[in-house]
Structures are given as structure tokens and as C-alpha cells.
Amino acid sequence: MQVFYLHGFASSAKSSKAAFLASHLSRHGIELHTPDFNEPDFSTLTITRMIRQVCAEIDARSDDPSVLIGSSLGAFVAVQAALRRSRQVERLILLAPALDFGANRMRSLGDRGIEEWRRTDRLDVFHYGYGRVLPVHYELFADARQYDSMNASLSMPIQVFQGRQDTAVDPDVVERWSRARSENVELHLLDDDHQLMNSLEFIWAEVVRFLGLRSGTGTGH
């Protein structure tokens, strides 16, 4: 199988979760592919660009089934890519998924904040991958509104991990989304925050089972 890790907004392909998963998967002889959504430029980021990037990576390795692991906004993109490549994407693993990003997520800025973003074409955000504040253009918000992951219809097995103390993604939204798809979605609500760093070993053990890997090899236990 081909396994892809899709990082979140203002994060990077070298995040702690990406490094953890890459290390553990390598012990099973599996390479983790980590598209960098900051390229060619973070400021021009759009959902459309991210989806195209993932689909191109899947198409380049179309001989093998794909597994998408998406974190936060990366999970939103994973859902959209799976809709467009349903024959190639065999399974989804969603970590603190920002499922309502397109319709509601950035509404936290308020109408005034969004209007200011549109007027100036600039929103300054702290980029955790680069360790500094960077601007992102309004097109990210305008483009995102055309994508709906909340009502996505997907038939492949999906594993979801969501922290109850998450202040970036509403756990209730994730739970409702998962319960509505209980025939193919496996939900794990965890006593953790948005980063899920305290739950990585549990998540890995469940991923091993979900992907049918041999649990006795390289699980970190």
C-alpha cells in the first residue's frame, strides 16, 4: 500500500506526527509520503491546490492502493481527495479533522475580520512549521467555501481520532459526522487536545490493526 500523511494548516510535512508515523511505518517496510502544502508559497495556499497536489501524488503511484492520513485541515483535504480518487483510496485515517473548514471553520474571524481579510488580501497567521508569522491570501477562504466535507459520502473504511479537549476543532461536530457514518467510520474520542501528542502510541496501535499490519513488528511497545 501507499501511505500519505497530509499535514494541517500552518504546519509542515516535517511535523512531529509526520515524523512519528514515518518512523513507525518504516519498521513495517512502508514509506510515508508527505506532500508539503507550503510549496510553492504558503501565502497562496488554497484547498484546490492541496487537493490537486494529493491527487497527483496518488496518480503517480496508482498501481497500489492508497491510504490517506490527514491531520486537521489535512483531514478535510483527505476527504476531498478520497471523493475524487475513490477507486485508489482504500482507507482514510483522520486526526482531529477540520471537517467544517469550508463552510464554517474560518467564521471564527467574524464578519469584520473576514471583510478586512478580503479588503487587504492578507491574514497574518503563526506558521508552526516555519516558526514565524506569515501572511495568507483571501483566496484560501473564498476557495474553501466550494468544498463540503460535512456531507461527503464515502464508502471506504475510515478511522477517526478526536480529542475531547480540542479547542481548534469542535469534538461534537466530529462525533456527529462519525456517528452518521457508523457503518464504515470507526471513532475514537480521546482525552487529549488538538495536537493529540499524548495519544500517539494508542493511535499507532489502532492504526496497526486498522491497516492489517503485524502488531509484533515495530509498534514501539
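**Q** Tell me about a nonpolar patch on the surface, and name the residues and values.
**A** On the surface, Phe126, Tyr128 and Val133 cluster together into a nonpolar patch covering about 360 Å² of accessible area. Mapping Val133 onto the fold places it in strand S6 (residues 132-136).

**Q** Got a sec to walk through the packing of helix H1 (residues 16-26) against helix H7 (residues 200-211)? Specific residues and values, please.
**A** Direction vectors running N to C along H1 and H7 enclose 45°, while the axes themselves pass 12 Å from each other. The angle between the axes of H1 and H7 places the two elements in the oblique class. Crossing angle aside, the handedness with which H1 passes H7 is right-handed. Residue-level inspection shows Lys17, Phe20, Leu21, His24 and Leu25 of H1 in contact with H7, the latter providing Leu200, Glu201 and Trp204. Split by residue class, the contact of H1 with H7 holds five nonpolar, one polar and two charged.

**Q** Talk me through the pairing of strand S4 (residues 89-95); I want residue IDs and the actual numbers.
**A** By the criterion of burial, S4 is predominantly enclosed, with five of the seven residues buried. Where strand S3 (residues 66-71) lies against S4, six bridges are found, and the strand directions are parallel. The partner of Val67 across the bridge, within S4, is Arg91. Bridge analysis of S4 against strand S7 (residues 158-163) gives four bridges, and the strand direction is parallel. The partner of Leu92 across the bridge, within S7, is Ile158.

**Q** Talk me through the sheet that holds strand S8 (residues 185-190); I want residue IDs and the actual numbers.
**A** Pairing is parallel across the open sheet formed by six strands, whose spatial order is S2-S1-S3-S4-S7-S8. Two strands lie at the open edges of the sheet, namely strand S2 (32-33) and S8, each paired on one side alone. The pairing of S7 with S8 spans six bridges and is classified as parallel. Its bridge partner lying in S8, Gln162 is registered against Leu189. Its contacts with the sheet place H7 against S3, S4, S7 and S8, and it is angled at close to 170° to S7.

**Q** Break down the nonpolar core for me, with residues and values.
**A** By size, the foremost hydrophobic cluster in this structure holds 48 residues, and its most contacted members are Ile47, Leu68, Leu92, Leu94 and Ile158. Sort the elements by how many residues they give to this core and helix H3 (residues 73-84) lands first, with eight residues. Among the nonpolar cores identified, the runner-up in size contains 24 residues, and Leu21, Ile93, Leu95 and Ile203 belong to it.

What counts as what
Residues numbered from 1 in each chain as written. Predicted model: local features only at pLDDT ≥ 70, side-chain atom pairs only at ≥ 80, totals over all residues. Heavy atoms only, no water. Patch = residues over 30% accessible without salt bridge, like charges linked within 9 Å, V, L, I, M, F, W, Y side chains within 5 Å. Areas by Shrake-Rupley, 256 points an atom, 1.4 Å probe, with all protein chains shown as cover. Salt bridge = Lys/Arg side-chain N within 4 Å of Asp/Glu carboxyl O. Helix = DSSP H or I, 4+ residues; strand = E, 2+ residues; numbered from the N terminus. Axes fitted to C-alpha atoms, helices over the stretch in contact; angles between N-to-C directions. Parallel < 35°, antiparallel > 145°, perpendicular 65-115°, else oblique. Left-handed = near helix turned anticlockwise from the far one by under 90°. Contact = heavy atoms within 4.5 Å. Nonpolar A, V, L, I, M, F, W, Y, C, P; charged D, E, K, R; others polar. Buried < 20%, exposed > 50% of the residue type's maximum accessible area, 1.4 Å probe, protein only. Pairing = 2+ DSSP bridges. Core = buried A, V, L, I, M, F, W, Y, C linked by side-chain atoms within 4.5 Å.

These results come straight from atomic positions and should not be treated as a statement about function.
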